[in-house]
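Notes for the structure review
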Amino acid sequence: VAFLASLDAGGQAIMKGDGNQLVTVADSTTFSEFNPPAINNRDTVAFAVRALGSGSGLAVYAATRDNAIRLVVDRSDGFTDLSTLPGLTDGNVVVFSGSPVAGGQSIAERSVYGGPITTIADSTAFAGLDQAPTVNNPGTVAFTGSRLGSGLNGVFTVRNGVITTVVDSSGPFHVFSGGPSINARGRVVFHALLDAGSGGVFTSSADGVVRQIADDSGTFVGLSGGPALNNRGTVAFRAALPNGGAGLFTGPDAVADRVIATGDLVDGRVVIGLQFFRGLNNRGQLAFVAYFSDNSIALFRADPNP
């Protein structure tokens, strides 16, 4: 698990750990501030560095398994801002969002080891591009944005320069939250608000079949962006509950599909809040942050039942 933390001694750090060993990937002795990182199956961690005070993005770096930190992209590559939540393949290709010197916004990719920067999508075709694009191992990038000309908001994928509309606001959908997730089969999970007013978590297969996973009209009263999807087809998301609490779920049943919820006891402490964003791997393990009634905070990994 890779995560961003604020340190007791001051500043921030990008950390990674497996529950046994905790490693500092980078901290404020070298960099100013960070955005939350991404991690792949090779233990490479990618992260954006920003100016102090939650300022603009300065660069994107990656730390490989041996903890060697490599510069992926910075402002000298033709950007004025690189504040992004990067995506990362097992082949160590980083996908990121940036603001080019020429203006507008773009989503691009580059290898951890250097080489050309490839533009995936930019302001010649889109407005409001996602700052948290995602990518699968075959190299398909998924993101939210609005198509110029039609003005339709939607979720899109790009593979080998070919743009595909996964779903857009021409149908029952009104607006899409940033931070979709895509698996190796090209299936995408996303959060959206409907024209009718409700919101939900949905998946779309590579051939365009949309399926609702959960909505906020009954069992749940609010669903968050950043749902996760693995290669097995498991979906994980955070949802608010009618009783005022919240939980992490893998399906529409608040009991059978519950991973954890507020009010639960973990390590003898009462959970009062939960944070989750794309924290799901192909083993079905979930990573999340829990807030407790004694004002403590902890990062956990939930393992599926054997």
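The rules we used
Residues numbered from 1 in each chain as written. Predicted model: local features only at pLDDT ≥ 70, side-chain atom pairs only at ≥ 80, totals over all residues. Heavy atoms only, no water. Helix = DSSP H or I, 4+ residues; strand = E, 2+ residues; numbered from the N terminus. Polar contact = N/O pair within 3.5 Å; in protein donor to acceptor, adjacent residues only side chain to side chain. Contact = heavy atoms within 4.5 Å. Phe/Tyr/Trp six-rings, centres within 6.5 Å; stacked < 30°, edge-to-face > 60°. Buried < 20%, exposed > 50% of the residue type's maximum accessible area, 1.4 Å probe, protein only. Salt bridge = Lys/Arg side-chain N within 4 Å of Asp/Glu carboxyl O. Core = buried A, V, L, I, M, F, W, Y, C linked by side-chain atoms within 4.5 Å. Pairing = 2+ DSSP bridges. Axes fitted to C-alpha atoms, helices over the stretch in contact; angles between N-to-C directions.

**With respect to the side chain of Glu33**
Looking at the secondary structure, you find Glu33 in strand E4 (residues 33-34). From its side chain, Glu33 meets the backbone nitrogen of Gly53 in a polar contact 3.0 Å long. Once you skip the residues sitting within four places of it in the chain, Glu33 turns out to touch Gln12, Ala48, Val49, Arg50, Ala51, Leu52, Gly53, Ser54 and Gly55.

**What to know about the packing of aromatic side chains**
Counting across every chain of the model gives 19 aromatic pairs. Pairing Phe173 with Phe190 gives two aromatic rings, centres 5.8 Å apart and planes at 70°, and the pair type is edge-to-face. Here the residue Phe173 occupies a position in strand E19 (residues 173-176), and Phe190 occupies one in strand E21 (residues 188-194), the gap between them amounting to 17 residues. Phe190 matches Phe173 in its accessibility class, with the two residues each being buried. Here the aromatic rings of Phe173 and Phe202 are separated by 4.9 Å at their centres, their planes lie at 90°, and the arrangement is edge-to-face.

**A closer look at the environment of Val141**
The residue Val141 is located in strand E16 (residues 141-147) in this model. Val141 gets classed as buried once you look at its relative accessible area, which sits at 0%. Residues Val141 and Val158, 17 residues apart in the sequence, show an inter-C-alpha distance of 5.3 Å. Once residues lying within four places of it in the same chain are set aside, the contact partners of Val141 are Val95, Ile107, Glu109, Ile120, Pro133, Thr134, Val135, Phe156, Thr157 and Val158.

**Quick look at the pattern of salt bridges**
Side chains carrying opposite charge are able to pair once their charged atoms draw close together. One pass over the full model with this rule turns up six salt bridges. In this structure, the salt-bridge partner of Glu33 is Arg50, at a minimum N-O distance of 3.1 Å. Here Glu33, found in strand E4, pairs with Arg50, found in strand E6 (residues 45-50); they are 17 residues apart in sequence, far enough to count as distant. Judged by its relative accessible area of 16%, Arg50 is buried. We note a salt bridge from Arg258 to Asp264, for which the minimum N-O separation is 3.4 Å. Looking at Arg258, the relative accessible area reads 43%, which means it is partly exposed. Classification of Asp264 by relative accessible area gives buried; the value is 18%.

**With respect to the nonpolar core**
Counting residues in hydrophobic clusters, the biggest one holds 16 residues, and the most contacted among them are Ile260, Leu274, Phe276, Phe288, Phe292 and Phe300. Taken together, the elements giving at least two residues each to this core come down to strand E30 (269-275), strand E31 (286-292) and strand E32 (297-302). By residue number, the principal contributor to this core is E31, which donates four residues. In this structure, Ala38, Val60, Val72 and Leu88 belong to the second largest nonpolar core, which totals 14 residues.

**Considerations on the sheet that holds strand E3 (residues 22-27)**
Two pairing modes exist for strands in a sheet, parallel and antiparallel, and in both the strands are linked by backbone hydrogen bonds. Taken together, three strands build an open sheet; the order of strands is E1-E2-E3 and the sheet is antiparallel. Only two strands of the sheet have a single neighbouring strand rather than two, namely strand E1 (2-6) and E3. Between one strand axis and the next, the sheet turns through 35° on average, direction left out of account. Sheet analysis places strand E2 (residues 12-17) next to E3, joined by five bridges and oriented antiparallel.

**Structural notes on the environment of Ile117**
Position of Ile117 relative to the elements: it lies in strand E13 (residues 114-122). Expressed as a C-alpha distance, the spacing of Ile117 and Val94, which sit 23 residues apart in the sequence, is 10.0 Å. Dropping the residues within four chain positions of it, Ile117 is found in contact with Val73, Asp77, Phe79, Phe96, Ala108, Glu109 and Arg110.

**Regarding the sheet that holds E30**
The strand order E29-E30-E31-E32 describes an open sheet built from four strands, whose pairing is antiparallel. The outermost strands of the open sheet, each flanked by one partner alone, are strand E29 (265-266) and E32. Here E29 runs beside E30; their pairing, made up of two bridges, is antiparallel. Residue pairing across strands places Leu265 opposite Val270, the latter belonging to E30.

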